[in-house]
Amino acid sequence: MEVRIGPARSTCRSAVSLPDAEGAEGAEGAECTVLRYPEDVPGPDEIREVLERPGREPWDITRTREAAAEELGLGRCPRDDGSRERWIAALCEHPRPIRRPIVTAEDGTAVVARTDEAVRGVLSR
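Computed from a prediction, not measured in an experiment: that's the story for all the values here.

Peer 1: Just to check I follow, could you spell out the overall build of the protein for this structure?
Peer 2: Check the secondary structure of the protein and you find 5 helices and 4 strands. Starting at the N terminus, the α and β elements of the protein follow one another as β-α-β-α-α-α-β-β-α. Here the protein holds 125 residues, and the buried ones make up 40% of them. Put simply, 67% of the contacts in the protein that link residues at least 6 apart link residues at least 24 apart. When the accessible area of the protein is evaluated, it comes to approximately 6900 Å², of which 43% is carbon and sulfur surface.

Peer 1: Sorry, what's going on with the confidence of the model for the protein here?
Peer 2: In regions of low pLDDT, the predicted coordinates are not meant to be interpreted in detail. Here the protein averages 82 in pLDDT, and 90% of its residues register 70 or above. Taking the mean pLDDT of every element in the protein, the minimum, 69, falls on helix α1 (residues 10-24) and the maximum, 94, on helix α4 (residues 84-93). Confidence drops under a pLDDT of 50 for residues 24-28, and excluding neighbours within four residues, the segment shows 1 contact in the predicted structure.

Peer 1: How do you make sense of the environment of I102 when you look at a structure like this?
Peer 2: Within the secondary structure, I102 is located in strand β3 (residues 102-104). Residue I102 is classed as buried on the basis of its relative accessible area of 2%. Measuring from C-alpha to C-alpha, the distance between I102 and C12 comes to 8.6 Å, with 90 residues separating the pair along the chain. In this view, I102 contacts E2, V3, R4, V50, I61, V111 and V112; residues no more than four positions away in its chain are not counted.

Definitions and limits used
Residues numbered from 1 in each chain as written. Predicted model: local features only at pLDDT ≥ 70, side-chain atom pairs only at ≥ 80, totals over all residues. Heavy atoms only, no water. Helix = DSSP H or I, 4+ residues; strand = E, 2+ residues; numbered from the N terminus. Buried < 20%, exposed > 50% of the residue type's maximum accessible area, 1.4 Å probe, protein only. Contact = heavy atoms within 4.5 Å. Areas by Shrake-Rupley, 256 points an atom, 1.4 Å probe, with all protein chains shown as cover. pLDDT = per-residue confidence, 0-100.

Encoded structure:
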């Protein structure tokens, strides 16, 4: 399982600690690789893969009101197939607006895990 986080966010810290806590409670332990933004900057193929798993688009995982997104003009960028690669390129160059945590499981599941329940849902698969 991979967890993509922004370490300063409490939801991200919870997403990282929950697999260990669930494993300690007798559930199958989940091996967890933690990728931290902005240190572990995703490449275009990595973002495409994350988007394909839950069937999402780049604007679905973007905080468009984030200052970096506003500077990139993403809030005004069209949300269509023709603009998809522009969104992906912008998120690779400036990953700060990416919603986190994103949890990717070995079975192909990927979710923007804003709650502990969402993380548990991935762990139970």
